[in-house]
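So you can see what is in the structure, the chains are spelled out below.
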Amino acid sequence: GGLVQHIVQQWREAFCKSAITKFNCYFMLPFVDDFHIFLRRELHKISEGESNSELADIFDLSAARRALQTQVDELRSECSANRRLQDKFHTVAKLMQREQEKSIQQEGFNRGK
């Protein structure tokens with residue numbers, strides 16, 4: 001009873017999946033055969049600048065190089081600014097440490113009197 005119904009149901013599902021796959025493949029084959037030609041033409045148009053697409057910027061290597069160089073310059077200036085700030089903090093920390101040592105020495109000197 002139940003086992004036979006389950007097996008028949010699984011056969012139906014497998015048959016439907018197989019039929020749908022074959023149906024889709026039959027109608028998709030012309031598209032698949034021509035898609036690489038279409039894609040090649042479109043990429044050629046874009047690379048030659050014939051298209052007004054945003055993708056044309058992908059092939060502009062000089063603009064990409066300029067943008068990357070600008071970014072590198074900004075990062076270098078930020079690093080140097082951070083180094084200068086760290087140096088200032090180290091200087092302030094040393095001054096505070098000297099002042100603290102002086103105050104400790106004066107306290108010890110004042111106690112010794």
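Note that this is a predicted model, so its numbers are computed, not measured.

Trainee: Sorry, what's going on with the overall build of the protein here?
Mentor: Within the protein, the secondary structure is distributed over two helices and zero strands. Looking at the protein residue by residue over its 113 residues, the buried ones come to 1%. Total accessible area on the protein stands at roughly 11000 Å², and carbon and sulfur atoms take up 59% of it.

Trainee: Help me understand the packing of aromatic side chains in this model?
Mentor: In this description, a pair of aromatic rings is defined by centroid distance and the angle of the planes. As enumerated under the stated definition, the model contains one aromatic pair in all. Ring centres of Phe 31 and Phe 35 lie 5.2 Å apart, and the angle between their planes is 35°; this geometry places the pair in the tilted category. Pair noted here: Phe 31 and Phe 35 are both in helix α1 (residues 2–48), with a separation of four residues, about one helical turn. Accessibility expressed as a relative area gives 35% for Phe 35, which makes it partly exposed.

Trainee: Whenever I open this one, the pattern of salt bridges confuses me. Can you help?
Mentor: Oppositely charged side chains can form a pair if their charged atoms are brought close together. Enumeration according to the criterion identifies one salt bridge in this entry. One salt bridge connects Glu 42 with Lys 45, and the closest N-O pair in it is separated by 3.4 Å. In this pair, Glu 42 and Lys 45 are both assigned in helix α1, three residues apart and thus about one turn of the helix distant. The exposure class of Lys 45 is partly exposed, given its relative accessible area of 36%.

Trainee: Whenever I open this one, the environment of Ser 47 confuses me. Can you help?
Mentor: The topology assignment puts Ser 47 in helix α1. Distance in space between the C-alpha atoms of Ser 47 and Asp 60 is 8.6 Å, their sequence separation being 13 residues.

Trainee: Even after reading the chapter, I still don't get a nonpolar patch on the surface, so can you show me in this structure?
Mentor: A contiguous nonpolar surface patch, about 650 Å² in accessible area, is contributed by Met 28, Phe 31, Val 32, Phe 35, Phe 38, Leu 39 and Leu 43. Relative to the assigned elements, Leu 43 resides in helix α1.

Trainee: Would you take a moment to explain α1 for this structure?
Mentor: A turn of α-helix holds 3.6 residues, and therefore any two residues three or four places apart point the same way. Its 47 residues give α1 an end-to-end C-alpha distance of 66 Å, which sits within 8% of 69 Å, the value for a rise of 1.5 Å per residue. Taken as a whole, α1 carries its principal kink of about 45° at Met 28; the proline Pro 30 stands between one and four residues after it.

Reading the values: rules and limits
Residues numbered from 1 in each chain as written. Predicted model: local features only at pLDDT ≥ 70, side-chain atom pairs only at ≥ 80, totals over all residues. Heavy atoms only, no water. Helix = DSSP H or I, 4+ residues; strand = E, 2+ residues; numbered from the N terminus. Buried < 20%, exposed > 50% of the residue type's maximum accessible area, 1.4 Å probe, protein only. Areas by Shrake-Rupley, 256 points an atom, 1.4 Å probe, with all protein chains shown as cover. Phe/Tyr/Trp six-rings, centres within 6.5 Å; stacked < 30°, edge-to-face > 60°. Salt bridge = Lys/Arg side-chain N within 4 Å of Asp/Glu carboxyl O. Patch = residues over 30% accessible without salt bridge, like charges linked within 9 Å, V, L, I, M, F, W, Y side chains within 5 Å. Expected span 1.5 Å × (residues − 1). Bend = angle between axes of the 7 residues up to and from the residue.

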